[in-house]
Amino acid sequence: MNKCKIFGILFGLFFCITISACGDGKGETGFVDGYYTAMMSDYSFGWKEYVTICVMDQKIVNVEYNARNKAGFIKSWDSAYMRNMNAVQGTYPNRYTRDYAAQLLQNQDEDEIDMLAGATSSGGNFQKMAASLLESAKSGDRAIQIIQSPEPEE
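Quick caveat, the model's predicted, so the values are computed rather than measured.

Calculation rules
Residues numbered from 1 in each chain as written. Predicted model: local features only at pLDDT ≥ 70, side-chain atom pairs only at ≥ 80, totals over all residues. Heavy atoms only, no water. Helix = DSSP H or I, 4+ residues; strand = E, 2+ residues; numbered from the N terminus. Buried < 20%, exposed > 50% of the residue type's maximum accessible area, 1.4 Å probe, protein only. Contact = heavy atoms within 4.5 Å. Phe/Tyr/Trp six-rings, centres within 6.5 Å; stacked < 30°, edge-to-face > 60°. Pairing = 2+ DSSP bridges. Axes fitted to C-alpha atoms, helices over the stretch in contact; angles between N-to-C directions. Polar contact = N/O pair within 3.5 Å; in protein donor to acceptor, adjacent residues only side chain to side chain.

Caption draft 1: Molecular detail of unusual backbone geometry. Backbone geometry at Asp57 places phi at a positive 55°, although glycine is not the residue there. Although it is not a glycine, Gln108 sits at a positive phi angle of roughly 60°. Structurally, Gln108 can be placed in the loop between helix H3 (93–107) and helix H4 (120–139). According to the relative accessible area criterion, Gln108 is buried, its value standing at 15%.

Now the structure itself:
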């Protein structure tokens, strides 16, 4: 073989290896770096839940899960609500919001979130919002996602 053919073959192999190694820039998860937020469409018992994630280097690096009332007050900061809920349900917002957020951060997957006794309604909402956020992070859609709230039970 002449030197031009060998050089051409080597260049072609190098090019193919380089292209396959680069991929689409989204990493294994397929997440696009940025901040993503989802919130429930309606207030439930005076609170509207929301989740915000931060993706960096194609990985979720921060999760904030909480709820706000119409005045903007944060649910997990409401001590009276915490005492009342803990007495009845055995958990409270500051505990379960951190637990659900930590599970998503650790597992990077909404299907790997275990429901906590006393906070299954919020856990279901969290899973819906997380699923929407992960889809948004895969496509790079940074618009706030509004998740339909469940119909109130009678």
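Following the structure, the description resumes.
Caption draft 2: Layout of the side chain of Asn125. Relative to the helices and strands, Asn125 resides in helix H4. By relative accessible area, Asn125 is classed as buried at 7%. Ignoring anything within four residues of it in the chain, the contact list for Asn125 reads Met40, Glu49 and Pro150.

Caption draft 3: Structural view of the packing of aromatic side chains. All told, the structure shown has six aromatic pairs when counted by the stated rule. Between Tyr65 and Tyr100 the ring centres are 6.4 Å apart and the planes differ by 50°, which places this aromatic pair in the tilted class. Taken together, the positions of Tyr65 in strand S3 (residues 59–68) and Tyr100 in helix H3 put the pair 35 residues apart, joining distant regions of the chain. Each member of the pair Tyr65 and Tyr100 is classed as buried. When the centroid spacing of 5.7 Å and the interplanar angle of 20° are considered together, the rings of Tyr100 and Phe126 count as stacked. Taken together, the residues Tyr100 in helix H3 and Phe126 in helix H4 connect sequence positions 26 residues apart. Pair check on accessibility: Tyr100 and Phe126 agree, each one buried.

Caption draft 4: Expanded view of the sheet that holds strand S2 (residues 48–56). Spatially, the four strands line up as an open sheet ordered S3-S2-S1-S4, and their pairing is mixed. At either end of the open sheet lies a strand with only one pairing partner, and these are S3 and strand S4 (145–147). Ignoring strand direction, the axes of neighbouring strands in this sheet form an average angle of 20°. Judged from the three bridges that link them, strand S1 (residues 34–40) and S4 form a sheet pairing that is parallel. Paired with Ala38 across the two strands is Gln145, which belongs to S4. Seen against the sheet, H3 touches S2 and S3 and runs at an angle of roughly 160° to S3. In this fold H4 packs onto S1, S2, S3 and S4, with an angle of close to 35° to the strand it touches most, S2.

Caption draft 5: Examining the pairing of S2 more closely. Among the nine residues that make up S2, seven are buried, leaving the element largely enclosed by the rest of the structure. Where S1 meets S2, six bridges bridge the pair, whose relative direction is antiparallel. If you follow Tyr36 over to S2, its bridge partner there is Ile53. Sheet topology note: the S2/S3 ladder contains nine bridges and is antiparallel. Its bridge partner lying in S3, Cys54 is registered against Asn62. The turn linking S2 back onto S3 is made up of two residues, and Asp57 within it adopts a positive phi angle of 55°.

Caption draft 6: Representation of helix H2 (residues 79–89) in the model. One side-chain oxygen at the N-terminal end of H2 lies 3.3 Å from the backbone nitrogen of Ala80; it belongs to Asp78. After H2 finishes, the residue Gly90 shows a positive phi value of roughly 80°.

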